[in-house]
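# Breakdown of the fold
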Amino acid sequence: MAIVKLVVAFFLSLTTILAPYFQFLFKGADFIYEDWSETDEFTADYAFTLKKDPDKDFVIVNFADIQLSDDEIFGEDGEFAKMLIKKSIEESKPDLITLTGDNASGDVTYIELVKYLDSFGIPWAPTMGNHDGGNGNTLHEAWDSYIISEAKNCLYKPGPKGMGNGNYIINITENGDIIHSIFMMDSHSDAGDNDNGIINRGPNGETGYDHLWADQIKWYEWAVKGIEKLAGHPVQSSAFMHIPVIEFRTARDTMCDFEYGVNEEGQTVKVKAIPKAEYTDAFGSIEEGGAAICSPEGNNGFFALAKELGSTKDMIFGHDHKNNMSIVYDGIRLSFSLKSGRGSYSMDSMNGWSTLSIDSNGKTEFAHHSVFDN
């Protein structure tokens, strides 16, 4: 039955699948991106704006690594993901839905996911992961951008040219005042894919996962300063992206205790990291193989800049399906969102959604919600 549904969905989606290519053929793929210069003035209409109800917190629900393939979307895993999304909306009642990348691993799945998220009538905003458009999962990441951009309730913008796909800003206002800014940023894929990734290579040139590029970091600084000038006061912000900053490794190494186990070769290895008892506002654990955090090998300076500017107090990531730690390091809360659904690989105790609640002063509270709690 799932195969029949997939075949029918493919033919029904054929026009949608091909539409971007007709546009790209006549306009070139770059038509979806914007020109940007750090000499530009930041204006109110550059960012999306959402209004906060003064009587309650503004609630963001985040999904990470839904990552279903075309083989899975119409089967049990697809039904599970839809149940999870519906349950999160019913329980958390979000004002905004965000996705921190690896959204879908197939053309039909991408279209089905976009339609399903859009059907709730709630603003939603995705970032791209290293498997969106990569490794043959979909036709192309620019194609993903086009499909997402066409959705009625989606706030996504491909963003400035030459910076990847999906660098954009959402300002939260209360009574006309900007109280919080949300940065959605593309952390790319592999630092060895092109010359831009050199900023995220190790000290000896070793490649690994990519992260933000030099122009993106300039764009972020330009926007933080521009928003402060526009608002007339400093504005607290949050940054959503797929791949974690390298500082998350430092936080793990200096602020956590490790648990050890024995691997198949009989060697003693790290299997888990948990925050030390004195860090009472930290929670979650690191349980990827070897208690790993899959960040870039080099330091691009983004975290240091964010600390210096003093705006961003939350950085929220996906990528590592078996990590759900949230910990404050040097004044910035670094958080893995819960993995959402059973696409790719997962563990039940870390399956669900995460929320970021914003109060009238722009202050935040981050929390996890396991789909298995009830």
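In what follows, the structure referred to is the one given above.
So, a few notes on the structure that sits alongside this text. (Residues numbered from 1 in each chain as written. Predicted model: local features only at pLDDT ≥ 70, side-chain atom pairs only at ≥ 80, totals over all residues. Heavy atoms only, no water.)

### Quick notes on empty space enclosed by the protein
Applied cut-off: We place a 1 Å grid over just the protein atoms. Points where a 1.4 Å probe fits but has no way out form a cavity, open points with protein on both sides within 12 Å along at least 5 of 7 lines form a pocket, and any residue with an atom within 4 Å of a point lines it. Grid points are joined across faces, edges and corners, and a volume is the space filled by probe spheres set on the points. For this classification, the nonpolar set comprises Ala, Val, Leu, Ile, Met, Phe, Trp, Tyr, Cys and Pro, the charged set comprises Asp, Glu, Lys and Arg, and every other residue, Gly included, is treated as polar. Strands are runs of DSSP state E lasting at least two residues, helices are runs of H or I lasting at least four, and both sets are numbered from the N terminus onward.
A complete count under the given rule lists three cavities of 30 Å³ or more for this structure. If you add up the space inside the largest cavity, you get close to 70 Å³. Lining the largest cavity are Ile66, Leu68, Ile73, Gly78, Ala81, Lys82, Ile85, Thr109, Glu112, Leu113 and Tyr116. Taken together, the residues of the lining of the largest cavity break down into seven nonpolar, two polar and two charged. One number sums up the size of the second largest cavity: a volume of about 40 Å³. In terms of lining residues, the second largest cavity is bounded by Leu99, Asn103, Tyr110, Leu113, Val114, Leu117, Trp124, Pro126 and Ile148. If you list the elements that add at least two residues to the lining of the second largest cavity, you get helix 3 (107-118) and strand 6 (124-127). Tallying contributions element by element places helix 3 first for the lining of the second largest cavity, with four residues.

### A word on helix 2 (residues 76-92)
Heads up, the condition is: Given the number of residues in a helix, its expected span is that number minus one, multiplied by 1.5 Å. Whether a residue is buried, partly exposed or exposed follows from its accessible area with a 1.4 Å probe, protein chains only, as a fraction of its type maximum: under 20%, in between, or over 50%, in that order. The contact criterion used throughout is that any non-hydrogen atoms of two residues lie within 4.5 Å.
Helix length check: helix 2, at 17 residues, gives a terminal C-alpha distance of 24 Å against a target of 24 Å (1.5 Å per residue), a fit within 8%. Among the residues making up helix 2, those that are buried are Gly78, Phe80, Ala81, Leu84, Ile85, Lys87, Ser88, Ile89 and Ser92. Where helix 2 is buried, its residues contact strand 2 (58-63), strand 3 (68-69), strand 4 (96-100), helix 3, strand 15 (352-358) and strand 16 (364-370). Looking at the residues trailing helix 2, positive phi occurs at Lys93, about 50 degrees.

### Focus on the nonpolar core
Rules: As used here, the term nonpolar core means buried Ala, Val, Leu, Ile, Met, Phe, Trp, Tyr and Cys residues forming a set that is joined through side-chain atoms within 4.5 Å.
Core analysis: the biggest nonpolar cluster contains 54 residues, and Phe63, Leu96, Trp124 and Ile170 have the highest contact counts within it. With seven residues, helix 3 is the single largest residue contributor to this core. Residue contacts for Ile170: discarding those within four places in its chain leaves Phe48, Leu50, Leu96, Ala125, Leu155, His180, Ser181 and Ile182. Tyr220, Val245, Ala251 and Ala282 belong to the second-largest nonpolar core, a separate cluster that totals 43 residues.

Read these as layout, nothing more, since geometry by itself doesn't imply function.
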